[in-house]
Amino acid sequence: MSKAGQSLIAFQSRRLAVVMGTNEIASAIAVALIRAGYPTVMSHDPHPPVIRRGMAFHDALFDDHAEVGGIVGRRAETLLEIASATARTKSVAVTPLSLTDLLALRAADVLVDARIQKNRMTPDFRGLARITVGVGPKFVVGENCDIAVETRPDHVGDVVRKGRTSDPDGVSRLLGGAGSERFVYSERAGVWRTPVDIGMWSPKGFLIGRHEDVPVFAPMDGHIRGVARDSAFAPAGVKLVEIDPRTRGAGFRDADECSRVIASATMKAVRIEAARREALAGFNIPIA
């Protein structure tokens, strides 16, 4: 049997985790899943655009180097490419395939929706994997996920076993004393164009880029912590730019503390749900 054939057989026999989203929170969760022994695939969703790309695997979609927590993101679009990427140590497969297309290739043991879609309805993902975890707002346990994790700053990392996750409060956590004023949001839907990248220092008023020919300027002095990738499509009302007013030593690469807390809580949620299902199966009780 060829090496490719052996790789595919091994891939089908291993437990698999799928993470929806390629943002910094989804990426920290992927790292935690891999460290827990789950070969992991990340499925990209274009809404909303990813801005904290230095903390995420997102740029692997464009064959750029993307590394978080010592794990390297590798673009994969076919079953063989996904099998190859997940077979490597310290490697995560990052795919442009939709969830439907991905699950048609291979069923998942764990499915985590970490897209953090604050203003969109979330479909019911139960039954698409043995365990489904919702991360962030718009999740209701028993209706569109099996268990959920909070991301709102005042409840970040709380595991939700019953009921719904908190709605967004619209309050940005402080970073170097700056809250929502460090972000620039899109005013309309359109294509984003920019020549700048993560980590650059920018004075207040510097032209960061253009969104549908509307100029976007830096709202304050600082380093660029987040910026949507050049040529990304951005709907109205989403973040395009984030400025970090702290010193460069603060860092713009790898997972931040908030993402690590959420990732740890997600693994806790997976363990809780796995134990619940095992207990119900032992008593021959149908799993809801």
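Coordinates for the structure precede this section.
A. Representation of the layout of surface pockets in the model. Considering only enclosed or pocket space, the largest pocket measures out at about 1000 Å³ in volume. Taken together, 41 residues make up the lining of the largest pocket; nearest its centre are Glu24, Arg52, Ile116, Lys118 and Lys239. Every element with two or more residues in the lining of the largest pocket is listed here: helix 2 (24–35), strand 10 (183–185) and helix 5 (257–282). The leading source of residues in the lining of the largest pocket is helix 5, at three residues. Taken together, the residues that form the lining of the largest pocket break down as 16 nonpolar, 13 polar and twelve charged.

B. Representation of the pattern of salt bridges within the structure. This structure, assessed with the given rule, holds 23 salt bridges. Between arginine 225 and aspartate 256 there is a salt bridge, with its nearest N and O atoms 3.2 Å apart. Placement of the pair is arginine 225 in strand 15 (residues 222–227) and aspartate 256 in the loop between strand 17 (239–244) and helix 5, with a sequence separation of 31 residues. The salt bridge involving arginine 246 is made with aspartate 244; its shortest N-O contact spans 2.8 Å. Here arginine 246 falls in the partly exposed class, since its relative accessible area comes to 30%. Salt bridges here are not isolated pairs; linked through shared partners, they connect Glu24, Arg52, Arg173, Arg182, Arg225, Glu242 and Asp256.

C. Unusual backbone geometry, seen in detail. With an omega of -10 degrees, the peptide bond running from histidine 47 to proline 48 counts as cis. The residue proline 48 is located in the loop between strand 2 (40–43) and strand 3 (67–68) in this model. Backbone geometry places lysine 90, a non-glycine residue, at a positive phi of 55 degrees. Looking at where lysine 90 falls in the secondary structure, it is placed in the loop between helix 3 (79–87) and strand 5 (91–95). At serine 231, a residue that is not glycine, the phi angle is positive and equals roughly 80 degrees. Among the residues examined, serine 231 registers a relative accessible area of 43% and is labelled partly exposed.

D. Layout of the state of the cysteines. Tallied over the full model, the rule gives zero disulfides. The thiol of cysteine 145 is unpaired, and the distance to the nearest cysteine sulfur, on cysteine 258, comes to 19 Å. Residue classification places cysteine 145 among the buried positions, given a relative accessible area of 1%. On the basis of relative accessibility, which here comes to 22%, the residue cysteine 258 falls in the partly exposed class.

E. Summary view of the sheet that holds strand 2. On the basis of which strands lie adjacent, the open sheet formed by nine strands has the order 3-4-5-2-1-6-7-8-9 and mixed pairing. The sheet is open, and its two edges are formed by strand 3 and strand 9 (159–160), each paired on a single side. Where strand 4 (residues 71–75) and strand 5 come together, four bridges link them in parallel fashion. Each bridged residue has a counterpart across the sheet, and for arginine 75 the counterpart in strand 5 is valine 94.

F. Examining the side chain of serine 259 more closely. Among the secondary structure elements, serine 259 is positioned in helix 5. Given the relative accessible area of 2%, serine 259 is considered buried. Within polar-contact distance, the side chain of serine 259 engages the side chain of aspartate 256 at 2.8 Å. With residues up to four places along the chain from it excluded, the contact list for serine 259 reads Glu24, Ile25 and Ala28.

G. View of empty space enclosed by the protein. Throughout the structure, instances matching the rule amount to one cavity of 30 Å³ or more. Estimates place the volume of the largest cavity at around 50 Å³. Lining of the largest cavity is provided by Asp113, Arg115, Ile116, Gln117, Thr122, Val135, Pro137 and Phe139. Its residues assigned to classes, the lining of the largest cavity comprises four nonpolar, two polar and two charged.

What counts and what doesn't
- Residues numbered from 1 in each chain as written.
- Predicted model: local features only at pLDDT ≥ 70, side-chain atom pairs only at ≥ 80, totals over all residues.
- Heavy atoms only, no water.
- 1 Å grid on protein atoms, 1.4 Å probe; cavity = no way out; pocket = protein on both sides within 12 Å on 5 of 7 lines; lining within 4 Å.
- Points joined across faces, edges and corners; volume = space filled by probe spheres on them.
- Helix = DSSP H or I, 4+ residues; strand = E, 2+ residues; numbered from the N terminus.
- Nonpolar A, V, L, I, M, F, W, Y, C, P; charged D, E, K, R; others polar.
- Salt bridge = Lys/Arg side-chain N within 4 Å of Asp/Glu carboxyl O.
- Buried < 20%, exposed > 50% of the residue type's maximum accessible area, 1.4 Å probe, protein only.
- Disulfide = S-S within 2.5 Å.
- Pairing = 2+ DSSP bridges.
- Polar contact = N/O pair within 3.5 Å; in protein donor to acceptor, adjacent residues only side chain to side chain.
- Contact = heavy atoms within 4.5 Å.

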